[in-house]
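Structural overview
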Amino acid sequence: MDNRPIGVFDSGLGGLTVLKEINKYLENEDTIYFGDTARVPYGPRSKETIIKYTFQAINFLITKNVKAIVIACNTATARALSEARIQFTIPIVGVIEPGAKTASEYTKNNIVGVIGTAGTISSKAYVKAINRRNPDIKVIAKACPLFVPLVEEGWANKEISSVAAHMYLDELVEQGVDSIVLGCTHYPILKRTIGEAVGMDVKLINPAKETALYLKKILEENNMETQSTIKGKCQYYVSDINEQFEEVASEFLKREIEGLKKVEIHKY
Ligand code: DGL
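Residues numbered from 1 in each chain as written. Predicted model: local features only at pLDDT ≥ 70, side-chain atom pairs only at ≥ 80, totals over all residues. Heavy atoms only, no water.

Here the focus is the UniProt feature "binding site: substrate" (unreviewed entry) in the protein chain. The UniProt entry lists Asp 10, Ser 11, Tyr 42, Gly 43, Asn 74, Thr 75, Thr 185 and His 186 under the feature "binding site: substrate" (unreviewed entry), expressed in the numbering used here. Sequence-wise these annotated residues cover 177 residues; spatially they are packed, their C-alpha atoms never more than 11.9 Å apart. Looking at the element boundaries, Asp 10 is found in strand 1 (residues 6-10). Of the residues examined, Asp 10 reaches a relative accessible area of 1% and is grouped as buried. Excluding residues that lie within four positions of it along the chain, Asp 10 makes contacts with Gly 15, Tyr 33, Phe 34, Gly 35, Asp 36, Ala 72, Cys 73, Thr 185 and His 186. Separated by 2.9 Å, the side chain of Asp 10 and the backbone nitrogen of Gly 14 make a polar contact. Mapped onto the fold, Asn 74 is located in helix 3 (residues 74-87). Contact partners of Asn 74, with chain neighbours within four places excluded, come to Val 95, Ile 96, Thr 120, Tyr 126, Gly 183, Cys 184 and Thr 185. (UniProt positions renumbered as here; feature names shortened; annotations may be inferred. Helix = DSSP H or I, 4+ residues; strand = E, 2+ residues; numbered from the N terminus. Buried < 20%, exposed > 50% of the residue type's maximum accessible area, 1.4 Å probe, protein only. Contact = heavy atoms within 4.5 Å. Polar contact = N/O pair within 3.5 Å; in protein donor to acceptor, adjacent residues only side chain to side chain.)

What follows is the structure, given as structure tokens:
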């Protein structure tokens, strides 16, 4: 048994989509969220830079005495998860394997779309993870670099997002995908807009739920679950405080973001 909190991080708001599922499936666990808002987006950055940012986020969360870390960012998972697991001894969970598992179990016609940042798509991490499970699945991967800034700007449900969704996704629908993995943790915030663009016949797969269930399994296997019987609390940290974070985060989580603190992440 271990009552310490779980550390969760992303480049910005996106990881909240994973935090929400952790709060749902591991409801008594305390959490510490870090959004690297001063350096978002991670998508276009080099592997080397993402590794540096990821290690800094993990070092910071370790100073907060966390018992496990969730890299709630596909780009950081694709670019830095293996390196982080070598560097640190703390259990670290990423989002790509859980997303690949859900997609390969769901698809009926074996044509799966994967959308993500330029970094995630060019790493081919999803294609490899899905084809390791089932080599017969055709994976059509597409980078959608405008989606992250649209979410961070609080424009997820505006027309401009709908136009971008059609421009990026019409070709996936034309190629017959029966499902699309939301391979960036920001994208579930755009779920309604993306869903309207691709239509009801295409299932949108959010890896967050499977990630939370995987984390639960890891904690159980290592006898690290909390003993608390009350609902867990979350502390929020960002590397730059801006109005949108609190606004979009409270709207998405349907609760107030209390006590948001700034962290000088480059010092870690
Ligand atoms: N939310 C992140 C992801 O899952 C990162 C987006 C970004 O910063 O470009 O990839």
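Another point: the sheet that holds strand 8 (residues 203-205). Taken in spatial order, the 4 strands of this open sheet run 6-5-7-8, and their pairing is parallel. Both edges of this open sheet fall to strand 6 (138-143) and strand 8, since each of them pairs with a single strand only. On average, each strand axis in the sheet is inclined to that of its neighbour by 25 degrees, with strand direction left out of account. Judged from the 6 bridges that link them, strand 5 (residues 111-116) and strand 6 form a sheet pairing that is parallel. Across the sheet, residue Val 112 finds its bridge partner in strand 6, namely Val 139. Lying on the sheet, helix 8 (residues 159-174) is in contact with strand 5, strand 6 and strand 7 (179-182); it crosses strand 6 at an angle near 170 degrees. Each of strand 5, strand 7 and strand 8 touches helix 9 (residues 191-198); the most contacted strand, strand 8, lies at about 145 degrees to it. (Pairing = 2+ DSSP bridges. Axes fitted to C-alpha atoms, helices over the stretch in contact; angles between N-to-C directions.)

What follows is about the site of the ligand. Near the ligand you find 14 residues, and of these Ser 11, Tyr 42, Asn 74, Thr 75 and His 186 are the closest. The side chain of Thr 75 places a nitrogen or oxygen atom 2.6 Å from an oxygen atom of the ligand. Within the contact set of the ligand, a nitrogen atom lies 2.7 Å away from a side-chain nitrogen or oxygen of His 186. Split by residue class, the shell around the ligand holds 6 nonpolar, 7 polar and 1 charged. (Near = heavy atom within 4 Å. Nonpolar A, V, L, I, M, F, W, Y, C, P; charged D, E, K, R; others polar.)

This part is about the environment of Ala 212. Tracing the sequence through the fold places Ala 212 in helix 10 (residues 208-221). A C-alpha to C-alpha distance of 26 Å links Ala 212 and Lys 47, two positions 165 residues apart in sequence. Ala 212 has contacts with Glu 21, Ile 22, Tyr 25 and Leu 26, leaving out every residue within four places of it along the chain.

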